[in-house]
Amino acid sequence: EHLSRRRLDMPSTASVRRAQKNERETTKAIEQSAAAKKAEEDAHWAAHGDGKKSKAAQRAEMDAAAADAKAAARAEARRQAAEEEAAFSGAKKAPAKKVAAKKAPVRKAGDDELWRPGAVRPAWLDGSLPGDRGFDPFNLSKPIEYVQFDLDALDGSAATNPAGRVIGKLKKTDNKPKARTIVPYDESFDIMRFRECELLHSRWAMLGLVGATAAEAATGISWADAGKVELEQPQYLGFPLPGLSVASLTAIEVLAMGYLEVARSAELDQNKRMYPGGAFDPLGYVANADAEEEFRLKTAELKHGRLAMVGMLIISIEAAAGHGVLP
């Protein structure tokens, strides 16, 4: 079951109440005017006493005009409420600009790879993202659907006030970064935010797994015990680092990582946040690749990153048991 939220402080509450009040006042004024005209007609025909057929026709015309006026008042009230709601929520969309999109790789029928044989791909995982194997057992990447309720009845003189009914549903389709903050997304449970987090963890896991293995092979010290050696004398691969203390190394790491995080958070282009290119593609693999080759390279990166995350989990368990990376 997907998450549904009932918003009691909906932005449309004030506009709906104003529209209902305007509609009631307009309808009341029209009814009073129609009643006054009817009373004048009754007085006229009572004084003259003739033209019964003409009197009935005129009454029918007056009733039809009053009904049309009521309908027009209700339509105008609804239109005003819709305009206020659209202006408040920013529902009016600017005309879409035509942008030449990069063609996605063509997939042959029957080549869909799933995370296990016989698995059923969820509807929201269509295979368009690199590394998409239809694996989402807890429906975490399922698009959030909001349920909008009508206002509860607020009649103080009534015995019961019925609760508002469901009047609409809303699916958020755009969750692009909007602000230069550490978490620039409006919705945390979004597939593109999950993809960005997965790439970051994958790249750190690949670096960490190679670093732990290389350092232990060069020094004979397990990566879990490396911190104890650093407290005695900062060193790298067995070579001492004179003039540097643990506090100095910590300050350098905090400043360097803080700068990188600030620079990454300042980027609002969703694709560049995940694949910055430039200096991070020194050999130009992606820059010189076509759409199909780029898709293949991104899929390969995710495969290696997922294996590296599993590897980091395994060596962490072994370190807790007192074993190193190497046998």
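Residues numbered from 1 in each chain as written. Predicted model: local features only at pLDDT ≥ 70, side-chain atom pairs only at ≥ 80, totals over all residues. Heavy atoms only, no water.

Concerning the overall build of the chain
Assigned secondary structure in the chain consists of seven helices and four strands. Starting at the N terminus and walking to the C terminus, you meet the elements of the chain as α-α-β-β-α-α-β-β-α-α-α. Counting over 327 residues, the chain shows a buried share of 20%. Long-range pairs, those at least 24 residues apart, make up 58% of the contacts in the chain with a sequence separation of at least 6. Approximately 23,500 Å² of the chain is accessible, and the part contributed by carbon and sulfur atoms is 60%. (Helix = DSSP H or I, 4+ residues; strand = E, 2+ residues; numbered from the N terminus. Buried < 20%, exposed > 50% of the residue type's maximum accessible area, 1.4 Å probe, protein only. Contact = heavy atoms within 4.5 Å. Areas by Shrake-Rupley, 256 points an atom, 1.4 Å probe, with all protein chains shown as cover.)

Here we look at the packing of helix 3 (residues 191–219) against helix 7 (residues 291–320)
One can describe the packing of helix 3 onto helix 7 by two numbers: an axis separation of 7 Å at closest approach and a directional angle of 60 degrees. The angle between helix 3 and helix 7 places the two elements in the oblique class. The handedness of the crossing between helix 3 and helix 7 is left-handed. Residues Arg195, Glu198, Leu199, His201, Ser202, Arg203, Ala205, Met206, Gly208, Leu209 and Ala212 of helix 3 form the contact with helix 7, whose participating residues are Glu301, Leu302, His304, Gly305, Arg306, Ala308, Met309, Gly311, Met312 and Ile315. Per-class residue counts for the contact of helix 3 with helix 7 are ten nonpolar, six polar and five charged. (Axes fitted to C-alpha atoms, helices over the stretch in contact; angles between N-to-C directions. Parallel < 35°, antiparallel > 145°, perpendicular 65-115°, else oblique. Left-handed = near helix turned anticlockwise from the far one by under 90°. Nonpolar A, V, L, I, M, F, W, Y, C, P; charged D, E, K, R; others polar.)

Quick look at the pattern of salt bridges
In this structure the tally under the stated criterion is eleven salt bridges. The residue Arg133 makes a salt bridge to Glu113 at a minimum N-O spacing of 3.0 Å. Of this pair, Arg133 sits in the loop between helix 2 (52–89) and strand 1 (145–149) while Glu113 sits in the loop between helix 2 and strand 1, and the two are 20 residues apart along the sequence. Residue Arg133 is classed as buried on the basis of its relative accessible area of 18%. Here Lys298 makes a salt bridge to Glu294, at a shortest N to O gap of 2.9 Å. (Salt bridge = Lys/Arg side-chain N within 4 Å of Asp/Glu carboxyl O.)

Let's talk about the confidence of the model for the chain
When pLDDT is averaged across the chain, the result is 79; 78% of the residues are at 70 or more. Looking over the chain, one finds the lowest element-wise mean pLDDT in helix 2, namely 67, and the highest in helix 7, namely 95. In this model residues 1–11 is a low-confidence stretch, pLDDT under 50, and it forms 16 contacts with partners more than four residues away in sequence or in other chains. (pLDDT = per-residue confidence, 0-100.)

Side note on the side chain of Asp281
Summarising the element assignment, Asp281 is placed in the loop between helix 6 (270–274) and helix 7. For Asp281, a relative accessible area of 16% gives the class buried. Among residues more than four places away in sequence, those in contact with Asp281 are Val286 and Ala287.

Some details on unusual backbone geometry
Phi at Asn139 is positive, roughly 55 degrees, even though this residue is not glycine. Mapped onto the secondary structure, Asn139 falls in the loop between helix 2 and strand 1. A relative accessible area of 34% means that Asn139 is categorised as partly exposed.

Concerning the side chain of Asp132
Mapped onto the secondary structure, Asp132 falls in the loop between helix 2 and strand 1. The buried category is assigned to Asp132, whose relative accessible area is 7%. There is a polar contact of 2.8 Å between the side chain of Asp132 and the backbone nitrogen of Gly127. Ignoring sequence-local partners within four residues, the contact set of Asp132 consists of Glu113, Arg121, Leu125, Asp126 and Gly127. (Polar contact = N/O pair within 3.5 Å; in protein donor to acceptor, adjacent residues only side chain to side chain.)

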